[in-house]
Amino acid sequence: MKPPGPARACGIVLVLLSLLAVLQITGAQKNAIDIYSLTVDSRVSSRFAHTVITSRVVNRADSMQEATFQIELPKKAFITNFSMIIDGVTYPGNIKQKDAAQKQYSAAVARGESAGLVKAIGRKMEQFQVSVSVAPAAKVTFELVYEELLKRRLGVYELLLKVQPQQLVKHLQMDIHIFEPQGISFLETESTFMTNELADALTVSQNQTKAHIRFKPTLSQQQKSTEQQDTVVDGDFIIRYDVNRTLSGGSIQIENGYFVHYFAPEGLSKIPKNVIFVIDRSGSMMGKKIQQTREALIKILENLRPEDHFNLISFSSEASPWKPLLVPASTQNVEEAKQYANSIQAQGGTNINDAMLLAVQLLDIATREEQLPSGSVSLLLLLTDGDPTVGVTNPTKIQKNVQEAIGGQYSLFCLGFGFDVSYAFLEKLALDNGGLARRIYEDSDSALQLQDFYQEVANPLLTTVTFEYPGNAVEEVTQDNFPLFFKGSEMVVAGKLRAQSPDVLSATVSGQLPTENITFQMESQVAKQEEEFQKPKYIFHGFMERLWAYLTIHQLLERMVSASDAEKQALETQALGLSLNYSFVTPLTSMVVTKPEGQEQSQVAEKPVENGRTVFRHRAMGHTGFTSTAGVSPYARVHDVAEMSVGPPGLPIPSNYLFPISKSDPDPRLPSGIGWLRMEPSRKGRLPPFPQSMRLPSPFPFPANPVLASSFSSGPTVVFDYLDETMEDVLPAPRTASAAPAPIQAPTFILPLPGQSVDQLCVDIKRTRGPLLLLLSDPDQGLEVIGEYDMEKAQFSVIEVTFNNLQLQVHVSPEHVVVTSYQRSSQYKWKETLFMVMPGLKMTMDKAGLLLLSSPDKVTIGLLSWDGPGRGPRLLLRDTDRFSSHVGGLLGRFYQRIAWGPPDATDDSKRTLWTRGFEFNATRKLKLDYQEGTPRTEISCWSIELWF
C-alpha cells in the first residue's frame, strides 16, 4: 500500500474510529424534522484527535415533533461536551462524579425513562443518543465534542468516519485537518459509499507536515437518482496515513508547558520468539468458532520464522500438548502443527487453570534446559470462549496460580471469543502478566481478527524499554517503562515541564536487543517546539495538556484492574480528579443532559465498560418440552443458560453446547426425527416461537448419567433466543437433485487480446496438475495472480492478487473479499460499494459486485463473484496492452508473441492459435459473458481448452 523504499518499511498507524451522525425521526410526518446542516470537524494534532459534530435541524411540520440526535464514537474516546441550542437558549451537558449523577439517573429509571445515553454497539464503537421535542418551525442545534489519543496499530493510522445522515442534507461537510511535525509520508482514502459523482466532492491537499481532507457533496451528488430523494451517503469514510521515521529515539514535541515523546524506531531487527498457543476446544467452541480457530491457527503458523520456537496446547476438561517440548519453527514442524491444528475438535468442559499451568511449565523446562535462543522473547496466547467449568473454577484462584507460575518471566495475551466469556477475568489475567486482552467478535471475519491480533504481537523488537528524563526538567510523567515493544506499535510518554526547566529537554531511551543493550539519546529545543505549535490555525491548541490527561486517566484505569483494594482507591481518586478537571466522560464520571422545561428534565450519559456478558432470564415453564405452532426455522438456539438444572443432583449445561433434540419435521440432512439445539450468548433475551413440539433425547449427550426429557418439568431458569437460520456450520449440505446443465456455459476466463484480429479469447480449464495455478506474473508491474481451482466443482475457490511493490494483497472467495496491507487485513462483502485511492492504485467495487484494481499505465485487474452457471470468483482483465514484455503465467502466455492460423478450410469455426511454443485448437462458440454480471448475456468468441 506504500511506495517502495526505506522510508516505507515501517509506518505509523493512526486510528480515529467511527464518526456517525444520524438524525432519526419519530412522529407521524416523515421528514418533518429536516436536517439542513451536518458538519464534522476533526483536528488531529500529533495523534490527538479533537472532533466536533454539529447538526442543525428544523421542524417543518405544523405540530410538535421529536428529533433524535445519534452518533457513533470510538470506545477509547472520551466525550468532553454536549449541548443543544433551542430557540436561542443553550442546554449544556454537565459532567459530574458518577455518584453525584446517580440520584438523577435513578429517578429517571424509576419514571420509566431512558436514562443511559451512551451504549456499546459494536467492536470499536459506542452510540450516543439524545431526543428532544421540537415545536413547529423551531430550530435545534446539536453539538457533541469528543477527544482521543490515536493508537498506532500494525503500522497504519486510520481515521474512520461513519456517515449516515439518512436523508439529503443541504449543507453536508466533513473537514479533517492532520498536523504531524514528523512529516506525513503517506496518505490514502477509502469509502464504502463513494460514487463517481461523490468523488468529485472530495478534495485532498497535503504538504510535508499537514493534510486537509474535505468532503462536501451537493444535494444532487447525494441523491441516489433523479427519481429517488434518498441519499447515497451511507457508510464508512476512511483516511489512512503514515509519518516519517528513522532509527532514533523518536520525536519529542512540546506545547504550552507539556511534552509528549513518541517512540517507534525504524530499522530494528526482529527478536526470536517462543510462543505457546493455548486453545480452548471445549464443547462451547463447536461449529464456526472451532472452524475459524483452526483456519486462523494455520495462517498464524505459516508466519512463524525458522528462528522461532513454538508449541500448541489444546484443552477442554483436560489439557493436551501437541509436543512434549517447544520445537523450532522448521518447515516440517510447521506442517505437522498445521495438520494437528486442523484436527482439533470441540467437546467437553473448560479447564483453563491446568492448561495455563502446563503452558508455563513447558516454557520453564525449555528455559531451564537452555533449549531456547539466547535473548529470545517468550509469549503465551490464550484463546477461550467461556468460563472455567472443570478443575479450578474460581477465577481469582486461577489468576493467582497463573501469576505465581509465570513470575514475571513471560507475557500473557488473552483472547475472549464471543460474549459468553468473562472478559474482566481475562483482562486481569493478561494485565497481571505483562500482556493485554482482546475480545474476538463472532462474525464471518473472526479468523481474520485472530490473525490480526497475533500480527500485533508477532514481531517483538525490544524488551525492557525505559524512558529517562532529567528530574529538574519534568514532573508527573506517565508510564515510562514497558516490557515489550512490537513492530507496528508505538510507545507514548507524556508529562509536564517544570517551571524552571532547561531550554533543552533531553531524554534517554534504553532497551534490550537479543545480544546487547541499546540506548537512544534525544534532545528537543523547548522554545522552538513551543513556537511550532503556536502558529498553525488548523490545530486544536492546548491539545498536549489534554493528551497528557487523557493518557494518564487511561493508564490509571488500567492499573486499577490489577491493584489491591487499598491501591485501587488511591488510583480511582486520582483518575476521578483528572476526569472532572478536564471534563472527560470516563467510567468514573457521568454527563447530565438537561432539556427545556416541560420535557424530560435530565438524562445521564455514562461511559460503557467492557464486561463479561449480558444475561436476560426467562422462566421456561413446561412439561417434557417446549411447544409452538408457529412454522418457523427447523432449528432453535438456546442462549445464555443460567445454571440450568438437568435432573438431580443437577449438572450445569455449558454455554454453546450443541446437542440433538427430537422434532416432528425432520431435516433431510439429519437422521429421522433429530434436530439441534445450541446454547450461545443471548442477544435479544426473549422467548421465541419454537417450530414444533420438541423434546430432549435419551440418553442425553452429557459426560454423566443419562438425563431424560422429564428433567425439564421443574421449569429451569433459561434464556431463549430465536434465530432464523439453520446450522450450516455443523450440518452437511442437503442433497438435492442436480440441475440440468445449462446449454451455454461461462468460460473459465475471457481474455481481451489487444491488437489482434480476435479481440476476445475464451479459455476453459479441463485438467490441472494441482489446485494452485499461477495465472499471471508481471515483475515489471510487481503483479502476481494466483488461483485455487477445484476440479470437482470446475470452479475457482480462491483468486489472490498481489501487488508486491505496494505490499498489498487482495484475496477473493465466493463469500467475501479480504484486503491485506502490511499484514493488516480488512474483510468486505461482495456487492458492497468500495472506493479506495492510494499511491499507485485505485480500488473500487460497485453494487453489482465488480471489484476493479486500476493504476495509471498498468493493467486493470477485475474480480467478481459469479452467480451464474459454474459459480465462483472470476477474473477480468482490462487495458491488457499495458502488460510488460516479461508477463508470464498460465494466462500471461497469451500476451506474448501469439499468432493465429487462418480458419479451417472445411470448417470456418475452427482455427489454430500459437503462443510461446504452444499450439491450441480454437473453436468459435457461444459463451455466457460473466464480465457483464448478467448470467444470461451471450457472446461469440474463439474458445480453447487447457489440459496440463
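Let us look at the structure shown here.

**Considering the packing of aromatic side chains**
Item 1. Under the definition given, this model contains 34 aromatic pairs.
Item 2. Ring plane angle 70° and centroid distance 6.4 Å describe the contact between Phe69 and Phe128, whose orientation is recorded as edge-to-face. With Phe69 in strand S4 (residues 65-74) and Phe128 in strand S8 (residues 125-134), this pair connects stretches of sequence that are 59 residues apart.
Item 3. Given the relative accessible area of 1%, Phe69 is considered buried.
Item 4. Looking at Phe128, the relative accessible area reads 0%, which means it is buried.
Item 5. When the ring of Phe263 is compared with that of Phe467, the centres are 5.6 Å apart and the planes differ by 85°; the resulting orientation is edge-to-face. Of the two residues, Phe263 is situated in strand S17 (residues 258-263) and Phe467 in strand S25 (residues 460-468); the sequence distance between them amounts to 204 residues. The same class applies to Phe263 and to Phe467, which are both buried.
Item 6. Among the aromatic residues, those joined into a cluster by ring pairs are Phe48, Phe78, Tyr258, Trp548, Tyr550, Tyr582 and Phe584.
Item 7. Cation over ring: Lys139 sits above Tyr36, and NZ or CZ is 5.2 Å from the ring centre.
Item 8. Directly above the aromatic system of Phe918 lies the positively charged group of Arg893, at a separation of 4.4 Å from the ring centroid.

**Let's talk about the pairing of strand S51 (residues 872-878)**
Item 1. Judged by how many residues are buried, S51 sits mostly within the fold: six of seven residues are covered.
Item 2. Relative to S51, strand S50 (residues 860-866) is paired through seven bridges, and the arrangement is antiparallel. When the bridges of S51 are listed, Ser865 appears paired with Pro873.

**Remarks on the state of the cysteines**
Item 1. Tallying each qualifying case throughout the model produces one disulfide.
Item 2. Note on cysteine connectivity: Cys762 is disulfide-linked to Cys941, with sulfurs 2.0 Å apart. The sign of the -115° torsion about the S-S bond sets the Cys762-Cys941 disulfide as left-handed. Here Cys762, found in strand S40 (residues 760-767), pairs with Cys941, found in strand S55 (residues 938-947); they are 179 residues apart in sequence, far enough to count as distant.
Item 3. The exposure class of Cys762 is buried, given its relative accessible area of 0%.

**Side note on the pattern of salt bridges**
Item 1. Throughout the structure, instances matching the rule amount to 26 salt bridges.
Item 2. Ionic pairing is found between Glu475 and Arg498, a salt bridge with its closest N-O pair at 3.4 Å. Separated by 23 residues along the polypeptide, Glu475 in strand S26 (residues 474-475) and Arg498 in the loop between strand S28 (491-497) and strand S29 (504-512) bring together distant segments of the chain.
Item 3. Taking the relative accessible area as the measure of exposure, Arg498 reaches 35% and is therefore partly exposed.
Item 4. Its salt-bridge partner being Arg882, residue Asp879 comes within 3.6 Å of it at the nearest N-O pair.
Item 5. By sharing partners, the salt bridges in this structure join Arg47, Glu180, Arg245 and Glu490 into a single network.

**What to know about the environment of Lys139**
Item 1. Mapped onto the elements, Lys139 comes out in strand S9 (residues 139-149).
Item 2. In this structure Lys139 comes out as partly exposed when scored by relative accessible area, which is 48%.
Item 3. Contacts of Lys139, omitting those with residues within four sequence positions, involve Tyr36, Val57, Val58, Ile85, Ile86 and Asp87.

**So, the sheet that holds strand S53 (residues 910-915)**
Hydrogen bonds between backbone atoms are what pair the strands of a sheet, whose relative direction is either parallel or antiparallel.
Item 1. With mixed pairing, the six strands of this open sheet are ordered in space as S39-S40-S55-S54-S53-S52. Single-partner strands in this sheet number two, and they are strand S39 (749-752) and strand S52 (898-900). With strand direction ignored, the average angle separating the axes of adjacent strands in the sheet is 35°.
Item 2. For S52 and S53, the ladder comprises three bridges, and the chain directions are antiparallel.

**Some points on the packing of helix H8 (residues 423-431) against helix H11 (residues 543-562)**
Item 1. Taken N-terminus to C-terminus, the directions of H8 and H11 make an angle of 95°; their axes are 8 Å apart at the nearest point. Judged by the angle between their axes, H8 and H11 are roughly perpendicular. In this structure, H8 contributes Glu427, Lys428 and Leu431 to the contact, and H11 contributes Glu558, Val561 and Ser562.
Item 2. The class makeup of the residues in the contact of H8 with H11 is two nonpolar, one polar and three charged.

Rules of the game
- Residues numbered from 1 in each chain as written.
- Predicted model: local features only at pLDDT ≥ 70, side-chain atom pairs only at ≥ 80, totals over all residues.
- Heavy atoms only, no water.
- Phe/Tyr/Trp six-rings, centres within 6.5 Å; stacked < 30°, edge-to-face > 60°.
- Helix = DSSP H or I, 4+ residues; strand = E, 2+ residues; numbered from the N terminus.
- Buried < 20%, exposed > 50% of the residue type's maximum accessible area, 1.4 Å probe, protein only.
- Lys NZ or Arg CZ within 6 Å of the ring centre and 35° of its normal.
- Pairing = 2+ DSSP bridges.
- Disulfide = S-S within 2.5 Å.
- Salt bridge = Lys/Arg side-chain N within 4 Å of Asp/Glu carboxyl O.
- Contact = heavy atoms within 4.5 Å.
- Axes fitted to C-alpha atoms, helices over the stretch in contact; angles between N-to-C directions.
- Parallel < 35°, antiparallel > 145°, perpendicular 65-115°, else oblique.
- Nonpolar A, V, L, I, M, F, W, Y, C, P; charged D, E, K, R; others polar.

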